[in-house]
Amino acid sequence: MSERVIAITGGHGALGRAVLEAALAGGLRVAVIDHASGQTAPDGVLELGGVDLTDPASATTAIDAVAAHFGRLDALLNIAGGFIWQTTDDADPAWAKMFALNLTTALNASRAALPHLKHSDEGRIVNVGANGALKSAAGMGAYAASKSAVHRLTESLAEELKSTSVTVNAVLPSILDTARNRADMPDADPATWVQPADLASVMLFLASPESRAVTGALIPVTGKV
């Protein structure tokens, strides 16, 4: 995978940082795209902050900047997103926000990346779905629906690109072992959760040339639960 260029959206979150570290260890050239600004990145990493991926023009500007900086783009890892637990009768429904954060960001970034990925010998898109979107639960309706939409985007885009070298897959993690999740669920057992580094390994395999025979896959990454 040496010298391949990958763009990571949501690169300053817990999973984004794990993917960044693993990518650098593997000799990849990396760009981090995030809504947050004023963040620092390791030497050699292209840092693009303050990017609103819910806006198609902003997504295109950011992706084009990555390709211009490195001279190419080989893989897009759509990690940007969010989570809100909310029952359906909440006075301020979060459905539109969940679709914007989880689906629209992935859609806009993917559309912006496609012209560049088609020029790569092994173009890759890796989305982050959710195992919890396979069967929803109380308070999970908006989040699960938006992640289910990511699953459908993954499948349809993979079919549309079968005549090209670009593959599109998604990982479906269960709960990630992050500081935020530990704080939000103090009574849970994090030993049953997925380590961000383990999920990063799966994502980077899907971003690699070795995954060329896999497309349209929704891959559960749920640990040993």
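Shown above is the structure to which this text applies.
Notes on the structure in this doc start here.

Conventions adopted
Residues numbered from 1 in each chain as written. Predicted model: local features only at pLDDT ≥ 70, side-chain atom pairs only at ≥ 80, totals over all residues. Heavy atoms only, no water. Helix = DSSP H or I, 4+ residues; strand = E, 2+ residues; numbered from the N terminus. Rg over C-alpha atoms; globule rule 2.2 N^0.38 Å. Buried < 20%, exposed > 50% of the residue type's maximum accessible area, 1.4 Å probe, protein only. Contact = heavy atoms within 4.5 Å. Areas by Shrake-Rupley, 256 points an atom, 1.4 Å probe, with all protein chains shown as cover. Lys, Arg positive; Asp, Glu negative; His and termini not counted. Charge placed at Lys NZ, Arg CZ, Asp CG, Glu CD. 1 Å grid on protein atoms, 1.4 Å probe; cavity = no way out; pocket = protein on both sides within 12 Å on 5 of 7 lines; lining within 4 Å. Points joined across faces, edges and corners; volume = space filled by probe spheres on them. Nonpolar A, V, L, I, M, F, W, Y, C, P; charged D, E, K, R; others polar. Phe/Tyr/Trp six-rings, centres within 6.5 Å; stacked < 30°, edge-to-face > 60°. Salt bridge = Lys/Arg side-chain N within 4 Å of Asp/Glu carboxyl O.

Observations concerning the overall build of the chain
Then, in step 1: Helix and strand content of the chain: six helices and seven strands.
Then, in step 2: Traced from its N-terminal end to its C-terminal end, the chain shows the element sequence β-α-β-β-α-β-α-β-α-β-α-α-β.
Then, in step 3: Over its C-alpha trace the chain gives a radius of gyration of 17 Å, about what one expects of a compact globule, namely 17 Å for 225 residues.
Then, in step 4: The buried share of the chain, taken over its 225 residues, is 47%.
Then, in step 5: Contacts spanning at least 24 positions in sequence make up 68% of the contacts within the chain whose residues lie at least 6 apart.
Then, in step 6: Total accessible area on the chain is roughly 10,500 Å²; 54% of this is exposed by carbon and sulfur atoms.
Then, in step 7: Between the mean site of the 16 positive side-chain charges and the mean site of the 23 negative ones, the chain shows a separation of 5 Å.

Here we look at the layout of surface pockets
Then, in step 1: Put simply, the largest pocket is a space of about 1,300 Å³.
Then, in step 2: Listing elements by their share of the lining of the largest pocket, those giving two or more residues are helix H1 (14–25), helix H3 (95–117), helix H4 (141–160) and helix H5 (179–184).
Then, in step 3: Partitioned by chemical class, the residues of the lining of the largest pocket number 18 nonpolar, 15 polar and five charged.

Some details on the packing of aromatic side chains
Then, in step 1: Counted by the stated rule, this structure contains one aromatic pair.
Then, in step 2: With centroids separated by 4.8 Å and ring planes inclined at 75°, the aromatic side chains of Phe83 and Tyr143 adopt a geometry described as edge-to-face. Of this pair, Phe83 sits in the loop between strand E4 (75–78) and H3 while Tyr143 sits in helix H4, and the two are 60 residues apart along the sequence.
Then, in step 3: With a relative accessible area of 13%, Tyr143 lands in the buried category.

Topic: the pattern of salt bridges
Then, in step 1: Summed over all chains, the structure comprises seven salt bridges.
Then, in step 2: When the shortest N-O distance is used, the salt bridge between Asp74 and Arg72 registers 2.8 Å.
Then, in step 3: Residue classification places Asp74 among the buried residues on the basis of a relative accessible area of 0%.
Then, in step 4: A salt bridge links Arg152 to Glu155, with the shortest nitrogen-to-oxygen separation between them at 2.7 Å. Of this pair, Arg152 and Glu155 both sit in helix H4, three residues apart, which is roughly one turn of the helix.
Then, in step 5: Residue class for Glu155 comes out partly exposed when judged on its relative accessible area of 29%.
Then, in step 6: Salt bridges sharing partners connect three or more residues here, namely Glu122, Arg124 and Arg212.

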